[in-house]
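For reference, the chains in residue letters:
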Amino acid sequence: MSKSLKAQSKFLSLVLRHNPEKIGITLDKNGWVKVVDLLNAANSHGQHINQSRLIEIVETNDKKRFSFSDDGLRIRANQGHSIKHIDLGLESSSPPDVLYHGTVDRFMVEIREDGLKKMSRQHVHLSADEKTAIKVGQRRGKPIVLSVDAKKMADAGYVFYLSENGVWLTDHVPWAFIRDE
Ligand code: HQG
């Protein structure tokens, strides 16, 4: 991704996941905003994005963070929201036996006590492959990869969702279901 595509993608993450008020837009309860409203608001706040540029950002995004609605008129972030009222309307899904979470040592004392919490986001984020978890942990320092007994959790009644872009989401992972060896 070129630098400005990356910068524009970060801008989209900010307004579509965390802070739409920054540019004076509101998201509907499922996280959608009209493309035309987003583009107008972005351009009046110094982000020069037109329709074809927006399509380029969505299509080239390394983690497929955004989706257009089927009719192409609306856009939303696929996961990662911190805004509380957003319901992505995801169906629950049966997870694989093991899912992974990347973190760093400085959180481990609390994680051992409380398990994985969603912190400021709407869900705990997990991945089906270790490589992704390493990258997620690396954002904060030397990565630690935790293995989560997802199948056991599901059997015990915990609910999992799979986002449009392949991220596994759940509300809380108690320490009893985590292995850190
Ligand atoms: C940690 C990025 C203390 C948790 C990534 C993490 C991901 C605890 C941090 C997505 C804790 C929360 C999400 C507890 C968990 N006590 N710390 N009990 N439980 N933590 O950013 O998973 O590029 O909200 O380990 O790639 O790091 O934005 O979650 O370190 O997919 O699309 O608290 O964000 O994707 O941090 O990252 P985050 P995350 P995007």
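Computed from a predicted model, the values in this text were never measured in an experiment.

Counting across every chain of the model gives eight salt bridges. Taking the shortest distance from any N to any O, the salt bridge between Lys-152 and Asp-149 comes out at 3.9 Å. In this structure Lys-152 comes out as exposed when scored by relative accessible area, which is 53%. Asp-149 gets classed as buried once you look at its relative accessible area, which sits at 12%. Counted as one network, the salt bridges with shared partners bring together Asp-149, Lys-152 and Arg-179.

Glancing now at the confidence of the model for the chain. Per-residue pLDDT for the chain averages 95, and the proportion of residues at 70 or more is 98%. Across the whole predicted complex the pTM is 0.90, and at the interface the ipTM reaches 0.96.

Moving on to the sheet that holds strand β6 (residues 143–149). Read from one edge of the open sheet, three strands run β4-β6-β9, paired in antiparallel fashion. The sheet terminates laterally at β4 (98–104) and β9 (178–179), the two strands that pair on one side only. Sheet topology places β6 next to β9; two bridges connect them, and they run antiparallel. Paired with Val-148 across the two strands is Ile-178, which belongs to β9.

Attention now moves to helix α3 (residues 51–60). For α3, the full list of buried residues reads Leu-54, Ile-57 and Val-58. The buried residues of α3 occupy an angular sector of 95 degrees when the element is viewed end-on, so they sit on one face. Away from its buried face by more than 90 degrees, α3 exposes Ser-52 and Glu-59.

Now for the sheet that holds strand β8 (residues 168–170). What the three strands build is an open sheet, ordered β5-β8-β7; its pairing is antiparallel. Two strands close off the open sheet at either side, each with one partner strand: β5 (124–126) and β7 (161–162). For β7 and β8, the ladder comprises two bridges, and the chain directions are antiparallel. Within β8, the residue paired with Leu-162 across the bridge is Trp-168.

As a further point, take the site of the ligand. Neighbouring the ligand are 18 residues, the closest being Arg-17, Lys-63, His-101, Thr-103 and Arg-121. For the ligand, an oxygen atom lies 2.8 Å from a polar atom in the side chain of Arg-65. Measuring from a nitrogen atom of the ligand, one finds a backbone N or O atom of Lys-117 at 2.9 Å. About the coverage of the ligand: the protein hides 90% of its 780 Å² of free accessible area. Elements represented by at least two residues in the shell around the ligand include exactly β4 and α4 (108–114).

Conventions used here
- Residues numbered from 1 in each chain as written.
- Predicted model: local features only at pLDDT ≥ 70, side-chain atom pairs only at ≥ 80, totals over all residues.
- Heavy atoms only, no water.
- Salt bridge = Lys/Arg side-chain N within 4 Å of Asp/Glu carboxyl O.
- Buried < 20%, exposed > 50% of the residue type's maximum accessible area, 1.4 Å probe, protein only.
- pLDDT = per-residue confidence, 0-100.
- Pairing = 2+ DSSP bridges.
- Helix = DSSP H or I, 4+ residues; strand = E, 2+ residues; numbered from the N terminus.
- Arc of directions from axis to C-beta.
- Near = heavy atom within 4 Å.
- Polar contact = N/O pair within 3.5 Å; in protein donor to acceptor, adjacent residues only side chain to side chain.
- Areas by Shrake-Rupley, 256 points an atom, 1.4 Å probe, with all protein chains shown as cover.

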